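# Results of the structural survey
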Amino acid sequence: MKSIISLERIPYRSAQQTFRTTKRDIHRLLTTTLAAVGALVALWGPTYLSLLDNFGGEFAARSEAFEWLLVMVAAFGLGSVLYLAWQDTKDPTWHAAHKLPPI
């Protein structure tokens, strides 16, 4: 009978091996962070713009350049989230984990 806690020896890893970061990891972290911020703007941007329309200039200073920047960041965020999700679905291990037929 196997126990939940294994008494086998765990191989030793140095701190340098455990916490090694590569340029690819940093790129992935930056891409994910930018996609998350863009997705938040995509979710809250239309609400902010509708509040500006309802309350007029009293709510906040209106700037057409800022509104277009908000739209561009929201489009980038939505596009990057969809692209990252599409990339995940191309991975054969993702297909196997979700019991889908291979690509």
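The structure we're discussing is the one just above.
A short tour of the structure in this document, coming up. (Residues numbered from 1 in each chain as written. Predicted model: local features only at pLDDT ≥ 70, side-chain atom pairs only at ≥ 80, totals over all residues. Heavy atoms only, no water.)

## Quick word on the layout of surface pockets
Empty space within the largest pocket amounts to approximately 350 Å³. Around the largest pocket, the lining residues are Arg-24, His-27, Arg-28, Thr-31, Thr-32, Ser-80, Tyr-83, Leu-84, Gln-87, Asp-88 and Asp-91. Elements supplying a minimum of two residues to the lining of the largest pocket: helix H2 (23–55) and helix H3 (64–89). Classifying every residue of the lining of the largest pocket gives two nonpolar, five polar and four charged. (1 Å grid on protein atoms, 1.4 Å probe; cavity = no way out; pocket = protein on both sides within 12 Å on 5 of 7 lines; lining within 4 Å. Points joined across faces, edges and corners; volume = space filled by probe spheres on them. Helix = DSSP H or I, 4+ residues; strand = E, 2+ residues; numbered from the N terminus. Nonpolar A, V, L, I, M, F, W, Y, C, P; charged D, E, K, R; others polar.)

## Thoughts on H2
Compared with the 48 Å implied by 1.5 Å per residue over 33 residues, the 46 Å span of H2 between its first and last C-alpha is a close match. The axis of H2 is deflected most strongly, by about 40 degrees, at Trp-44, and proline Pro-46 appears within four residues downstream. Turning to H2, its buried residues number three or more, namely Ala-35, Gly-38, Val-41, Gly-45 and Leu-52. On the buried face of H2, the contacting elements are H3. Among the residues trailing H2, Gly-56 stands out with phi positive, at a value near 70 degrees. (Expected span 1.5 Å × (residues − 1). Bend = angle between axes of the 7 residues up to and from the residue. Buried < 20%, exposed > 50% of the residue type's maximum accessible area, 1.4 Å probe, protein only. Contact = heavy atoms within 4.5 Å.)

## Regarding H3
Over its 26 residues, H3 extends 38 Å from the first C-alpha to the last, a length consistent with the 38 Å expected when each residue adds 1.5 Å. Turning to H3, its buried residues are Glu-67, Leu-70, Ala-74, Gly-77 and Ser-80. Turning to H3, the residues buried within the fold contact H2.

## Here's the deal with the packing of aromatic side chains
Each aromatic ring pair is described using two quantities: the centre-to-centre distance and the angle formed by the ring planes. Scanning all chains against the criterion turns up two aromatic pairs. Each ring, one from Tyr-48 and one from Phe-66, has its centre 6.0 Å from the other, and the planes form 90 degrees; the classification is edge-to-face. Of this pair, Tyr-48 sits in helix H2 while Phe-66 sits in helix H3, and the two are 18 residues apart along the sequence. When its relative accessible area of 25% is taken as the criterion, Tyr-48 is described as partly exposed. Take Phe-66: its relative accessible area is 39%, and that puts it in the partly exposed class. Considering the side-chain rings of Tyr-83 and Trp-86, the 5.9 Å spacing of their centres and the 40 degrees angle between planes classify their relative orientation as tilted. Of this pair, Tyr-83 and Trp-86 both sit in helix H3, three residues apart, roughly one helical turn. Over the ring of Trp-86 we find Lys-90; its NZ or CZ atom is 4.3 Å from the centre of that ring. (Phe/Tyr/Trp six-rings, centres within 6.5 Å; stacked < 30°, edge-to-face > 60°. Lys NZ or Arg CZ within 6 Å of the ring centre and 35° of its normal.)

Interpretation note: all reported values are geometric properties and have no functional meaning in isolation.
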